Amino acid sequence: MSALVKVDFDTWQALQQLYSDYAFAVDSGQWELWPEFFTVDGVYKLQPRENHERGFPLSTLAFDSQAMLRDRVYGIKETLFHDPYYQRHVVGAPVVRQTDEQGRLHCEANYAVFRTKLDGPSTVFNVGRYLDIVTKTPDGLKFAQRLCIYDSEMIPNSIIYPI
């Protein structure tokens, strides 16, 4: 395991706020906010752990710009037909693993997403870890990259909403 990287308090607080605000937005169904957590050329991928660890590029979902994320939001709101459900994220505190030459933070945090269908109990839906590259922008911290690496090969039904 690599040594932890120290960051100043204001950066740590902003990083915590980014992670908390992200979970709040996707848990509350405010889909139009989701792309705003990313840089214009931000990358979002949802990938099984086995593929990630073996270096295989296949992802369950892969978007490489804010525009693609906005298209997904349109799909969620207007064109995808599915049984509605609520989701709730429980996200661990992010660990800053490194800073790169551009000053970006390379972070990791565990997550668990619970799903509640309107006619049933809450169940564990998706569990894994975020591997993020976070950059400072004039509008605050944003994700330049968010890899959602989920542990199980099995996905119940489909993944409609962002993890």
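Residues numbered from 1 in each chain as written. Predicted model: local features only at pLDDT ≥ 70, side-chain atom pairs only at ≥ 80, totals over all residues. Heavy atoms only, no water.

Concerning the overall build of the protein
Counting its secondary structure elements, the protein contains three helices and seven strands. Each of the three principal axes of the protein carries a C-alpha extent, and together these read 45 × 30 × 30 Å. Within the protein, the proportion of its 163 residues that are buried is 42%. Relative to all contacts within the protein whose residues are 6 or more apart in sequence, the contacts with residues 24 or more apart total 60%. With an accessible surface of roughly 9,100 Å², the protein has 54% of that area assigned to carbon and sulfur atoms. (Helix = DSSP H or I, 4+ residues; strand = E, 2+ residues; numbered from the N terminus. Buried < 20%, exposed > 50% of the residue type's maximum accessible area, 1.4 Å probe, protein only. Contact = heavy atoms within 4.5 Å. Areas by Shrake-Rupley, 256 points an atom, 1.4 Å probe, with all protein chains shown as cover.)

Some words on the confidence of the model for the protein
The predicted model of the protein averages 93 in pLDDT, with 98% of residues at 70 or higher. Across the protein, element-level confidence peaks in strand β7 (residues 140-150) with a mean pLDDT of 98 and bottoms out in helix α3 (residues 66-79) with 92. (pLDDT = per-residue confidence, 0-100.)

Some thoughts on the environment of glycine 120
Positionally, glycine 120 belongs in the loop between β5 (105-117) and β6 (122-137). Sequence separation between glycine 120 and tyrosine 85 is 35 residues; the distance between their C-alpha atoms is 9.7 Å.

Focus: the nonpolar core
Judged by nonpolar contacts, the single largest core of 35 residues is most densely connected at Tyr22, Trp34, Tyr44 and Ile163. Here tyrosine 44 is in contact with Tyr22, Trp34, Phe38, Leu61, Ala62, Phe63, Leu69, Arg146, Cys148, Pro162 and Ile163, once residues within four sequence places are set aside. (Core = buried A, V, L, I, M, F, W, Y, C linked by side-chain atoms within 4.5 Å.)

Describing the UniProt feature "domain: SnoaL-like" (unreviewed entry) in the protein
Within the UniProt annotation, "domain: SnoaL-like" (unreviewed entry) is assigned to residues 14-146. Taken end to end, residues 14-146 is 26% helix and 47% strand, and its first and last C-alpha atoms sit 17 Å apart. (UniProt positions renumbered as here; feature names shortened; annotations may be inferred.)

Re a nonpolar patch on the surface
A cluster of nonpolar side chains, namely Val90, Phe114, Val124 and Val127, defines an oily patch on the protein surface of about 310 Å² accessible area. Structurally, phenylalanine 114 can be placed in strand β5. Using a relative accessible area of 32% as the deciding quantity, one classes phenylalanine 114 as partly exposed. (Patch = residues over 30% accessible without salt bridge, like charges linked within 9 Å, V, L, I, M, F, W, Y side chains within 5 Å. Salt bridge = Lys/Arg side-chain N within 4 Å of Asp/Glu carboxyl O.)

Some details on the pattern of salt bridges
A complete count under the given rule lists 10 salt bridges for this structure. Linking lysine 77 and glutamate 32 is a salt bridge whose minimum nitrogen-to-oxygen distance equals 3.7 Å. Of this pair, lysine 77 sits in helix α3 while glutamate 32 sits in the loop between α1 (9-27) and β1 (38-48); the two residues are 45 residues apart in sequence, bridging distant segments of the chain. The class for lysine 77 is partly exposed, based on a relative accessible area of 47%. Residue arginine 70 pairs with glutamate 36 through a salt bridge whose shortest N-O separation is 3.0 Å. A residue pair is termed long-range when its members are at least 10 positions apart, and arginine 70 in helix α3 and glutamate 36 in the loop between α1 and β1 qualify at 34 residues. What makes arginine 70 partly exposed here is its relative accessible area of 40%. Judged by its relative accessible area of 35%, glutamate 36 is partly exposed. Connected through shared salt-bridge partners, Arg49, Glu53 and Asp151 make up one network.

With respect to α3
Compared with an ideal rise of 1.5 Å per residue, which puts 14 residues at 20 Å, α3 spans 19 Å between its outermost C-alpha atoms and is within 8% of the ideal. Three or more residues of α3 are buried, namely Gln66, Leu69, Arg72, Val73, Gly75 and Ile76. Looking at the buried residues of α3, the elements they touch are β1 and β2 (61-63). (Expected span 1.5 Å × (residues − 1).)

Some points on the packing of aromatic side chains
Scanning the entire structure with this criterion turns up 15 aromatic pairs. Measuring from centroid to centroid gives 6.2 Å for tryptophan 34 and phenylalanine 38, while their planes differ by 85°, and the two rings are edge-to-face. Per residue, the accessibility class of tryptophan 34 equals that of phenylalanine 38, and both read buried. Centroid distance tryptophan 34 to tyrosine 44: 5.1 Å. Interplanar angle 85°. Geometry classified as edge-to-face. Within this pair, whereas tryptophan 34 is found in the loop between α1 and β1, its partner tyrosine 44 is found in strand β1, the two being separated by 10 residues in sequence. Residue class for tryptophan 34 comes out buried when judged on its relative accessible area of 2%. Ring pairing ties together the aromatic residues Tyr19, Tyr22, Trp34, Phe37, Phe38, Tyr44, Phe63, Tyr111, Tyr130 and Phe143, which thus form one cluster. Here the basic side chain of arginine 115 rests over the ring of tyrosine 85, its NZ or CZ set 5.2 Å away from the ring centre. (Phe/Tyr/Trp six-rings, centres within 6.5 Å; stacked < 30°, edge-to-face > 60°. Lys NZ or Arg CZ within 6 Å of the ring centre and 35° of its normal.)

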